[in-house]
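# Structural description and commentary
The chain contents come next:
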Amino acid sequence: MEQLPQMRMHRPATAEEAVALHAEAAAARYLAGGSDLIVNVRRGIEQPEALIYLNGIGEMHEIAESDGGISMGGALTLRQLAENEILRRDYPAVAEAAGEVAGPSHREYGTLGGNLCLDTRCIYYNQSEWWRATNSYCLKHRGEICHVAPGGKKCFAAFSGDLAPALLLFDAEVELAGPDGRRRLPLAEMYRNDGLDHLTLAAGELLVAVHLPALPADVRSGYAKSRVRGSIDFPLAGAAVRLSVKDGALGDLRVALTGVGSWPFLVPGTEKFIGGPLDEETSAQLRELVRAKAKAMKTTTTAPHYRRRVAGVLAQRLAEGLATA
Amino acid sequence: MKTILSVTVNGQPRDDVVPDNMLLVDYLREKIGLTGTKVGCDGGECGACTVLIDGRPRHACLTLAATCQEARIDTVESLAHAGRLSAIQRGFHEKLGAQCGFCTPGMVMAAEGLLRQNPAPSEADIRSALAANICRCTGYVKIIEAVQAAARELAS
Ligand SMILES: Cc1cc2nc3c(=O)[nH]c(=O)nc-3n(C[C@H](O)[C@H](O)[C@H](O)COP(=O)(O)OP(=O)(O)OC[C@H]3O[C@@H](n4cnc5c(N)ncnc54)[C@H](O)[C@@H]3O)c2cc1C
Ligand code: FES
Ligand code: FES
């Protein structure tokens, strides 16, 4: 039998109760599905003393149309998102991304909140205790140097959640509950490009819901990822694309990436394609733009140059498919 | 640091005192002696620990027992009745869906979860429902045939 650290489980019924419990307890962690957190606890990377289990918070399971957009509770499962009719119709990139996270059993209990607050990942970090100890640990946990870039003082662990880039396409906002009450924040501002500390959330802030605004009618979107095993793995690179086409010209074009930096981000510079057609030449230019912005490092067993290249190709293929759909 | 857990395991309601840090797979295997559920990795990679919680497949190795309050848990031991194998177990037996057998309890439970939702799955449905379960021996073809055989038997 495996000895996990001693932990006390709390079961709040409201978001406010959860926040209060988090503030009172030493070394507390929110526990949603546990499909990332418990792996890290088992590997000794996380050693919480208190777990605040979110499943009993009613509002975090709700999903409803609001102001022409949609509001999604943070405890919805990935399967619920992948199967949701509104998402599939209006925000297909989000439903597709949810349906491509991990494998089917993970999607039964992995949640929206857990996916957005996922820890960053690296081959030198997501390892057993003895493996990390043998390699003198690393900058992200207990160690002195980053084995990916030993010269610097920065950690390059990659953010590898699939949902964030899809949600970034639509100007998603997160609703947060914290010790000082509730606030709304653009999802893009919830992240920073720092593998050690990629979330801008204040200590104990809880992601209660995600809100997507109403969409212009003609917007199309999609998500695609590359992974080692098509059935289960985290993205080596993941791309979400949103566009619209009117009279043969692009009316809108956005690309967001995951897996190729310590944060998910919208690729800057795609607006220069708006107003023109997406033809062979411009789609190749789009591919090169995306490749240049994908700053993958050696955080997986697959070479960084491949992941940069694949990010460009994923975005190009998605854009071509959407433009001709 | 302990929870009084009320659960229904394989149809039997029970109350147990469990430490808050106990994994469901340890509760099943060590506390109540149901060793059919296997542990094949250090967390979420292989699917050997798959059980059904309220009818849906989940990893017992990443689920804390204390989060299963009032849940219905079904393990591979729930399937055979009075020494008679269930349709899925018979499918695995007759189509040679098991070799070393280590992945089998998880595969069987993932397949059980699928057939409860979708009694007539296509091959693509079977492949995607078993995508989180890894087998080092069979090459999967025989496993898919086993699930197809079970679906046929249940339909007839
Ligand atoms: C084999 C395997 C493959 C995987 N593949 C993928 C993949 O391809 N793509 C992918 O994106 N993920 C993948 N995952 C990771 C994980 O399954 C998903 O990201 C899942 O959505 C995490 O959600 P959870 O509810 O299980 O999170 P948890 O493990 O419960 O939580 C993760 C983190 O988020 C925090 N948290 C959870 N909910 C909230 C909230 N509401 N507010 C604030 N903080 C919160 C927790 O404290 C913890 O730090 C994989 C995992 C495994 C084991
Ligand atoms: S033991 Fe491998 S997934 Fe649970
Ligand atoms: S039969 Fe050996 S791992 Fe599947």
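As the structure is a prediction and not an experimental result, all values here were calculated from the model.

## With respect to the site of ligand 1
- Lining the immediate surroundings of ligand 1 are 34 residues, of which Y30, S35, L37, T111 and D162 of chain A lie closest.
- Flanking ligand 1 are residues from chains A and B.
- One of the backbone nitrogen or oxygen atoms of L37 of chain A is found 2.7 Å away from an oxygen atom of ligand 1.
- Between D233 of chain A and ligand 1, the recorded distance is 2.9 Å, taken from a backbone N or O atom to an oxygen atom.
- When residues in the shell around ligand 1 are grouped by element, the largest group, three residues, is from helix α7 (residues 112–116) of chain A.
- When its residues are assigned to classes, the shell around ligand 1 shows 15 nonpolar, 13 polar and six charged.

## Considering the side chain of H211 of chain A
All names here are of chain A.
- You can see H211 is positioned in strand β8 (residues 206–212).
- Residue classification places H211 among the buried positions, given a relative accessible area of 11%.
- At a separation of 3.5 Å, a polar atom in the side chain of H211 contacts the side chain of R184.
- Setting aside chain neighbours within four positions, we find H211 in contact with I70, S71, A172, E173, E175 and R184.

## Notes on the sheet that holds strand β1 (residues 2–9) of chain B
All names here are of chain B.
- Strands sit in the order β2-β1-β5-β3-β4 across an open sheet of five strands; the sheet is mixed. Taken across any chain shown, the strands that pair with only one partner, and hence form the sheet edges, are β2 (12–19) and β4 (56–59). Taking each pair of neighbouring strands and ignoring which way they run, the sheet shows an average axis angle of 40 degrees.
- Both β1 and strand β5 (residues 72–74) contribute to a ladder of two bridges, which runs parallel. The residue bridging T8 from the neighbouring strand is R72, located in β5.
- Relative to the sheet, helix α1 (residues 24–31) contacts β1, β2, β3 (50–53) and β5, its axis offset from that of β2 by approximately 110 degrees.

What counts and how
- Within each chain, residue numbers correspond to sequence positions counted from 1 in written order.
- Lettering for chains starts from A, numbering for ligands starts from 1, and both go in the order in which the items are written.
- It should be noted that, the model being predicted, local features are given only for residues of pLDDT at least 70 and side-chain atom pairs only at 80 or more, the latter also being counted only at that level, while totals for whole chains, interfaces and linings use all residues.
- Heavy atoms throughout the structure, all of them, feed into the side-chain values; hydrogens and water do not.
- Throughout, near means a residue has at least one heavy atom within 4 Å of the molecule or strand.
- Polar contact is defined as a pair of N or O atoms within 3.5 Å, subject to the rule that within protein one atom must be able to donate a hydrogen and the other to accept it, and that residues adjacent in sequence are counted only when both atoms are side-chain atoms.
- Under the DSSP-based scheme used, a helix requires at least four consecutive residues in state H or I and a strand at least two consecutive residues in state E, with every element numbered from the N terminus.
- For this classification, Asp, Glu, Lys and Arg are treated as charged, while Ala, Val, Leu, Ile, Met, Phe, Trp, Tyr, Cys and Pro are nonpolar and the rest, including Gly, are polar.
- Throughout this description, buried means an accessible area under 20% of the type-specific maximum (1.4 Å probe, protein chains only), exposed means over 50%, and partly exposed covers the range between.
- What makes two residues a contact is simply this: any of their non-hydrogen atoms within 4.5 Å.
- DSSP-based pairing: two strands are paired if at least 2 bridges between them are found.
- Axes here refer to lines fitted to C-alpha atoms; in helices the fit is confined to the stretch in contact. Angles between the N-to-C directions go from 0 to 180 degrees.

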